[in-house]
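# Report on the structure
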Amino acid sequence: MPLPSPAPPGFTDHPIPSTPLKIRLWPAPPAAHPLPILFLTHGGGAIGGNHFVPPPWVVPALGGRYHLVSHSYRLAPQARLDEQLADCLAAVAWARENLGAILGAGRVDSGRFVLCGGSAGGLLVSLMGLGMEVRPRAIVNVYGLVDWVGIRGLDGPGEAEWEGEFGREELEAYLGNREVGETLTEALFWDEKDVIGDVKLGERWGTDYLKYTKRLRLQAELHLYRSLHPQGVDRLIKTAMHPEKFADEAALEAFILSLSPVHVLRKRLEEGRTGYPPTAFLHGTGDVAVPVQQSYDMAAILKQMGVPVVECYEEGEPHVFDNKYTGPDVPGWETYIQPIVEFVDRHVGQ
């Protein structure tokens with residue numbers, strides 16, 4: 001198993017006052033004019049992941065011409081999806097307001113910004129695009145789940161065996177844990193604790209936060225368990241939607257649809273409302289975690305609305321396939337990454 005990618009050098013970390021949230025900033029070098037911001041929203045199925053390392057392709061593709069800002073948000077199962085969305089909006093608003101003071105006068109154009117997210121982050125940036133007063137110049141949705149209805153019924157049959165530090169019953173129970181005091185804002189993405197020690201991982205990611213405490217190990221196994229097992233969609237709804245808080249199934253369904261960009265955009269199109277930021281899609285056609293049909297459907301609706309769209313679908317590739325794109329010399333970059341770079345630059349005004 002490969003080692004986790006290290007954090008690119010040159011970053012600074014900034015807590016957001018009066019919140020548990022943080023941003024990590026990779027500033028672009030001083031330029032003759034203020035530069036735009038690229039916001040990165042990490043994935044992890046609402047329950048895993050952190051903001052310490054950007055996707056490997058982002059820095060070689062867009063670094064140096066954009067100030068890169070990666071942000072945290074509260075994780076499930078304690079935080080519900082709408083609370084995670086509120087965290088993302090708060091982090092973007094705070095950074096847009098404060099980056100100029102952090103970097104100095106004349107370096108930041110906070111009115112020109114882009115939202116980029118992968119997987120659960122792709123869902124979150126797509127939701128952010130629905131309601132921001134100041135719209136991003138572009139959104140990059142990387143294999144994001146954008147239609148909760150569209151993934152129902154896709155789970156495999158039966159139950160898989162489970163072996164881990166924490167038993168099945170303990171993990172199932174913790175999916176319903178809502179204790180605010182146990183909420184994490186940073187977790188592991190997948191199996192880092194089995195690949196590298198926490199000290200070495202902290203050195204690679206530039207943080208002393210990720211000690212392999214029981215709580216962090218539990219979160220990591222919770223993510224693995226829920227992601228690898230059948231009925232993952234039902235477990236994801238239990239984890240991220242908190243269905244027990246709704247009066248009935250109809251109320252829960254309405255909430256789920258309100259957090260499905262495809263449903264919201266389809267309804268807006270029927271009402272004659274057509275505004276949405278230009279959007280780029282990156283997805284593998286072999287993705288079984290988030291089927292590529294999700295991107296097809298959202299792109300089709302946006303095109304009906306007259307929204308500029310670019311679609312980059314790599315044949316046969318699974319979820320998180322873009323980690324292989326570490327620079328322009330990697331085969332496929334010109335076909336799948338460069339069109340997104342050019343799309344973003346064009347709409348930001350680079």
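Note that this is a predicted model, so its numbers are computed, not measured. (Residues numbered from 1 in each chain as written. Predicted model: local features only at pLDDT ≥ 70, side-chain atom pairs only at ≥ 80, totals over all residues. Heavy atoms only, no water.)

## Some remarks on the overall build of the protein chain
What counts, and what does not: Numbering of helices and strands runs from the N terminus, with a helix taken as a DSSP run of H or I at least four residues long and a strand as a DSSP run of E at least two residues long. We take the radius of gyration over the C-alpha atoms and set the globule estimate at 2.2 Å times the residue count to the 0.38 power. Three labels apply to residues, based on accessible area from a 1.4 Å probe with only protein chains included: buried if under 20% of the type maximum, exposed if over 50%, partly exposed otherwise in between. Every residue pair with non-hydrogen atoms within 4.5 Å of one another is taken to be in contact. Under the convention used here, a 1.4 Å probe and the Shrake-Rupley method define accessible areas, while residue burial counts only the protein chains that appear.
What the protein chain contains, in helices and strands, is 13 helices and eight strands. Radius of gyration (C-alpha) of the protein chain: 19 Å, near the 20 Å computed for a compact globule of 350 residues. Dimensions of the protein chain, computed from C-alpha atoms along their principal axes, come out at roughly 60 × 50 × 45 Å. Buried positions account for 54% of the 350 residues belonging to the protein chain. Put simply, of all contacts in the protein chain between residues at least 6 apart along the chain, 77% involve residues at least 24 apart. About 14,500 Å² of surface is accessible on the protein chain, with carbon and sulfur atoms providing 54% of the total.

## Structural notes on the pattern of salt bridges
To keep it simple, the criterion reads: The rule for a salt bridge is simple: a side-chain nitrogen of Lys or Arg has to be within 4 Å of a carboxyl oxygen of Asp or Glu.
Under the defined criterion, the tally for this structure stands at 16 salt bridges. Residue D87 pairs with R74 through a salt bridge whose shortest N-O separation is 2.8 Å. With D87 in helix 2 (residues 81–103) and R74 in the loop between strand 4 (67–71) and helix 2, the pair connects residues that are 13 residues apart, well separated along the chain. Among the residues examined, D87 registers a relative accessible area of 7% and is labelled buried. The salt bridge involving E165 is made with R217; its shortest N-O contact spans 2.7 Å. In this pair, E165 sits in the loop between strand 6 (138–142) and helix 4 (168–174) while R217 sits in helix 7 (residues 214–228), placing the two residues 52 residues apart along the sequence.

## Examining the pairing of strand 1 (residues 12–15)
How we decide: In this description, strands pair whenever DSSP reports at least two bridges between them.
Both strand 1 and strand 2 (residues 22–26) contribute to a ladder of four bridges, which runs antiparallel. By the bridge assignment for strand 2, P15 is matched with K22.

## Let's talk about the packing of helix 2 against helix 3 (residues 120–131)
Here is the rule: Comment: axis = line fitted to C-alpha atoms, over the contacting stretch for helices; angle = value between 0 and 180 degrees taken between N-to-C directions. For classification purposes, an angle smaller than 35 degrees is called roughly parallel, one larger than 145 roughly antiparallel, one from 65 to 115 roughly perpendicular, and anything else oblique. Nonpolar residues are Ala, Val, Leu, Ile, Met, Phe, Trp, Tyr, Cys and Pro. Charged residues are Asp, Glu, Lys and Arg, and all others, Gly as well, are polar.
The interhelical angle for the contact between helix 2 and helix 3, taken along N-to-C directions, is 70°, at an axis separation of 10 Å. In terms of axis orientation, helix 2 runs roughly perpendicular to helix 3. Contact residues: helix 2 offers L81, Q84, L85, C88, L89 and V92, while helix 3 offers L123, L124, L127 and M128. Looking at the contact of helix 2 with helix 3, its residues break down into nine nonpolar, one polar and no charged.

## Thoughts on the packing of helix 10 (residues 261–270) against helix 11 (residues 293–304)
Going by this rule: The hand of a helix crossing depends on one turn: near helix anticlockwise from the far one by less than a right angle means left-handed, and clockwise means right-handed.
Contact geometry for helix 10 and helix 11: axes closest at 10 Å, N-to-C directions at 20°. In terms of orientation, helix 10 and helix 11 fall into the roughly parallel class. Of the two elements, helix 10 crosses helix 11, and the hand of that crossing is left-handed. In contact with P261, V262, L265, R266 and L269 of helix 10, helix 11 contributes Q294, D297, M298, I301, L302 and Q304.

## Quick notes on the sheet that holds strand 3 (residues 35–41)
As a general point, the strands of a sheet are linked pairwise by backbone hydrogen bonds and lie either parallel or antiparallel. Taken in spatial order, the eight strands line up as 1-2-4-3-5-6-7-8 in an open sheet, and their pairing is mixed. In this open sheet, the two edge strands, each paired with only one partner strand, are strand 1 and strand 8 (309–314). Ignoring which end each strand starts from, the neighbouring axes of this sheet average 20° apart. Against the sheet, helix 2 makes contact with strand 1, strand 2, strand 3, strand 4 and strand 5 (108–118), and its axis sits at roughly 140° relative to strand 5, the strand it touches most.

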